[in-house]
Amino acid sequence: MELYRDHFQNYKRYNVPKAQLIIADIPYNIGVNAYGSNPNWYNGGDIKNGESKLAKSQFFDTDNDFRVPEFMHFASTMLKKEPKGKQQAGCMIVFCAFDQQFMLIEQAKKYGFNNYINLVFRKNYSPQVLKANMKIVGNCEYAVLFYREKLPKFNNNGRMIMNCMDYERDNVTPKIHPTQKSIHVIQKLIDIFTDPGDVVIDPTAGSGVTLLAAENLGRKGYGFEIKKEFVDKFHDTLTQNYQNTIFSYTQQELINNRPPYVPIIEEVQP
């Protein structure tokens, strides 16, 4: 489990092995409206208290520096080559804003990712309820699964999985990043598309939750994050919080690829 304080473009410095799964939550480029769907827009999270200092501000000063072609080049280089056999190919999953999906699909084709599957994660809550003038509020996260030609490795005992699935809220993992994903959701994806011992890379690691999820499941996790504060918090808060709990699963549980705590995604029989 390695989190490097560096840009993913500098991956050659670290001899990172090629991945079975690349998973990333890229900047949504929402600029000064970053907290528009966050209670922190208002003082104390209450609209009656007026806007806070976070209103009309952005999460990061680096959002506009994210270049999708560079990201796609990294992914095409660091994802393992397609094997001759079936059900062994790697894939990439990119969390993004709804309207970024179409741009990502076109860019991915330029780098050999000719196929994709849209993923929708349905929440049972929405922070947008703070906006009193809204009658329809957003409660979904979006992602796109990219693969080259062969279908990726898929572990679900021969059963299909719906591309719209529940987003299990994470009330356990300390939140150290404003766009931190639920570790339960990331574990679901890693569990399906990799085997124990496989390599998972997160080029925009943020809080490092992807690396913890990989470690939980017996995978090898590598990540890159350019913000020092998140790398420090990952080592000082997240890994310290988990070190007494994440390494307690038996080898047989890992071989069976279904540790008892991993939630099953909603499934249907083929």
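Just so it is clear, the structure is predicted and the values come from calculations on it, not from any experiment.

Conventions adopted
- Residues numbered from 1 in each chain as written.
- Predicted model: local features only at pLDDT ≥ 70, side-chain atom pairs only at ≥ 80, totals over all residues.
- Heavy atoms only, no water.
- Core = buried A, V, L, I, M, F, W, Y, C linked by side-chain atoms within 4.5 Å.
- Buried < 20%, exposed > 50% of the residue type's maximum accessible area, 1.4 Å probe, protein only.
- Helix = DSSP H or I, 4+ residues; strand = E, 2+ residues; numbered from the N terminus.
- Contact = heavy atoms within 4.5 Å.
- Pairing = 2+ DSSP bridges.
- Axes fitted to C-alpha atoms, helices over the stretch in contact; angles between N-to-C directions.
- Phe/Tyr/Trp six-rings, centres within 6.5 Å; stacked < 30°, edge-to-face > 60°.
- Polar contact = N/O pair within 3.5 Å; in protein donor to acceptor, adjacent residues only side chain to side chain.
- Parallel < 35°, antiparallel > 145°, perpendicular 65-115°, else oblique.
- Left-handed = near helix turned anticlockwise from the far one by under 90°.

Peer 1: How should the nonpolar core be read in this particular structure?
Peer 2: Nonpolar side chains in soluble globular proteins tend to be buried together. In this structure, Ile93, Phe95, Phe121 and Ile190 are the most contacted members of the largest nonpolar core, which totals 32 residues. Among the secondary structure elements, those contributing two or more residues to this core are strand 2 (21–25), strand 3 (91–96), strand 4 (115–122), strand 5 (140–147), helix 3 (183–193), helix 4 (209–216) and helix 5 (228–242). For this core, the element with the most residues is helix 3, which contributes seven residues. With near-sequence residues (within four places) excluded, Ile93 lies in contact with Leu21, Ile22, Ile23, Ala24, Leu119, Ala143, Val144, Leu145, Leu189 and Phe193. Judged by nonpolar contacts, the second largest core, of 29 residues, contains Ile26, Phe66, Met78 and Val199.

Peer 1: Before we go on, may I ask you to explain the sheet that holds strand 1 (residues 2–4) in this structure?
Peer 2: Consider a sheet: its strands pair through backbone hydrogen bonds, and that pairing is either parallel or antiparallel. The mixed open sheet is built from eight strands, whose spatial order is 1-9-8-2-3-5-4-7. The open sheet is flanked by strand 1 and strand 7 (164–166), the only strands paired with a single partner. If you compare each strand with its neighbour and ignore which way they point, the axes differ by 20° on average. Most of the contacts of helix 1 (residues 68–78) go to strand 3, to which it runs at about 155°, and overall it touches strand 2, strand 3, strand 8 (199–202) and strand 9 (220–224).

Peer 1: Please clarify how the packing of aromatic side chains should be interpreted in this entry.
Peer 2: What describes a pair of aromatic rings is the distance from one ring centre to the other and the angle between the planes of the rings. As enumerated under the stated definition, the model contains 11 aromatic pairs in all. Plain terms: the ring middles of Phe8 and Phe71 are 6.1 Å apart, the flat faces sit at 80° to each other, and that makes the pair edge-to-face. Of the two residues, Phe8 is situated in the loop between strand 1 and strand 2 and Phe71 in helix 1; the sequence distance between them amounts to 63 residues. We classify Phe8 as buried; its relative accessible area is 4%. Between Phe98 and Phe102, the ring centres sit 5.8 Å apart and the planes meet at 80°, which makes this aromatic pair edge-to-face. With relative accessibility at 49%, the residue Phe102 sits in the partly exposed group.

Peer 1: For this particular structure, what's the right way to read the side chain of Ser182?
Peer 2: Secondary-structure assignment places Ser182 in the loop between strand 7 and helix 3. Looking at Ser182, its side chain comes within polar contact range of the main-chain oxygen of Glu168, at 2.6 Å. In this structure, Ser182 is in contact with Tyr167, Glu168, Arg169 and Asp170, ignoring residues within four places of it in sequence.

Peer 1: Which parts of the structure should I look at to understand the packing of helix 1 against helix 2 (residues 101–109)?
Peer 2: Each pair of packed helices can be summarised by the angle the axes make with each other and by the distance between the axes. Where helix 1 meets helix 2, the closest approach of the two axes is 10 Å, and the angle between their N-to-C directions is 50°. Taken together, the axes of helix 1 and helix 2 are oblique relative to one another. Here helix 1 runs over helix 2; the crossing is right-handed. Residues Val68, Pro69 and Met72 of helix 1 pack against Met103, Leu104, Gln107 and Ala108 of helix 2.

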